[in-house]
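Spelled out, the chains give:
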Amino acid sequence: MIMVKNLKIYTLIACSLFIGAACGSDTESDTTPAPDKKPEQPQIGETITYRAQVWAEKNDIEELYGGERQFRQNLATMFRNTTLFWNESPNKFNYYFEWVVGEGDDNLVIYEIGPGEKSKTQYNKFKDKAYGELNTDKYDFVLFLALHCPKGEGGLSCGGGGKSKQSVVQAYFDGEQNIFKEKWPEKGTYSNLGHEYGHVRGAQDLYQYMIEAKNNPVSHEAYDYPKCNMGTGYQEWSDYCSAIFNHNAQYKQITSDMTQSTYPKQMLVRVTKDGKPQRTTVKFWGSRATFRDIYNDPERAPYMTKKTNGNGEFTINDIYRMFIPEYKNNGAPNLPPKSPVDEFPFTRWYCFVVEVELDNGESKYVWLSDLDIVPEYLNGGQKEPYVFEIKL
């Protein structure tokens, strides 16, 4: 049973939601092309509002949160705290980003399972419905709440690929956890949701870039990742996230074409020594999600090997596909296998150790990361082609 209710009469308290904790994603990203008509670019300093349709179970609301009216009021306050979390965390935003419950008649979808504790399987029957059609004239994404799971089975994630291109933030909690307890600036559900909303706006989990020296068998160096609300810090946005959010601001649903547009099309790799071009071999060793390592299986790695020309250069023609390769067959050349064990989670590289062979038989190693490429490109620091110079 599903009921829809209008939250508008209870929005005297400003609605906005924001979060900052690690999460997982269990749904493939949307591959729908970008819309034919590009939305108008907003003015610098403008407020950009992202509207949620919220789903919650009827008995959970009544048994745990004092009934519908109180739940609505607390929900509005939570969204307001998330907005504060987003905008008060140090950032390089061009806009003020506001997170609200939408104002449509079905902005609060109250579904019914039954009293007491419920399994994730029971909740998931309704979660799957949240991926159905969404009125994108009224809402931009869905927040699905499962508030009375068995203890230890909670967790937050963000999935893409909704029927109307919407993202669905999936939030599971046990009955002892009050999702409205914490307020800005202390950490809480509102800030954890803010992290998930970063995925809604196109950002990656930065904790996937936390590569320790012991997990880098190539150069034996740790990656110096930035602090960020996307899993590597709290109350701070990285330059990468600021650039992504600014770039995607006017698009209410993020498609694969928009993600691809955050990368330069071409990269010119240049190797020099004392200002002079060098003929050499350059190898790219990729890092994987979950493992947070540099992959060096002797049968498949390195991912890519190139030779510089007489000018000490070579060109990579599709940077997006360099990081996010098309994986058509298990055991594709130089990519980790997906079965019988998935050794390439999320089917993308997160950063690279670049090895340059030297005349004396040794090598020089440098890092190449889209956490640097994307903001430098989007902020105008680099044009086409993106130049990656390695100085020996």
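Just so you know, these numbers come straight off a predicted model, no measurement behind them.

Participant: Help me out: how do you make sense of the overall build of the chain in this one?
Facilitator: Within the chain, the secondary structure is distributed over eight helices and 15 strands. For the chain, buried positions account for 51% of its 392 residues. Of the accessible surface of the chain, which amounts to about 17700 Å², a share of 44% is contributed by carbon and sulfur atoms.

Participant: Would you explain the packing of aromatic side chains in this entry?
Facilitator: The geometry of an aromatic ring pair comes down to the distance between the two centres and the angle between the two planes. Tallying each qualifying case throughout the model produces 43 aromatic pairs. For the ring pair Phe85 and Trp237, a centre distance of 6.3 Å and an interplane angle of 65 degrees mean the geometry is edge-to-face. Here the residue Phe85 occupies a position in helix H2 (residues 68-88), and Trp237 occupies one in the loop between helix H4 (189-200) and helix H5 (239-247), the gap between them amounting to 152 residues. The residue whose ring lies beneath Lys120 is Tyr172, and the NZ or CZ to ring-centre distance is 4.5 Å.

Participant: Help me understand the environment of Asp174, please; the structure alone is not making it clear to me.
Facilitator: With respect to the helices and strands, Asp174 occurs in strand E7 (residues 168-174). Separated by 56 residues in the primary sequence, Asp174 and Lys118 place their C-alpha atoms 9.3 Å from one another. With sequence-adjacent residues up to four places away left out, Asp174 is seen in contact with Leu147, His148, Cys149, Pro150, Lys151 and Gly152. Of note is the side chain of Asp174, whose polar atom sits 2.9 Å from the backbone nitrogen of Glu176.

Definitions and cut-offs
- Residues numbered from 1 in each chain as written.
- Predicted model: local features only at pLDDT ≥ 70, side-chain atom pairs only at ≥ 80, totals over all residues.
- Heavy atoms only, no water.
- Helix = DSSP H or I, 4+ residues; strand = E, 2+ residues; numbered from the N terminus.
- Buried < 20%, exposed > 50% of the residue type's maximum accessible area, 1.4 Å probe, protein only.
- Areas by Shrake-Rupley, 256 points an atom, 1.4 Å probe, with all protein chains shown as cover.
- Phe/Tyr/Trp six-rings, centres within 6.5 Å; stacked < 30°, edge-to-face > 60°.
- Lys NZ or Arg CZ within 6 Å of the ring centre and 35° of its normal.
- Contact = heavy atoms within 4.5 Å.
- Polar contact = N/O pair within 3.5 Å; in protein donor to acceptor, adjacent residues only side chain to side chain.

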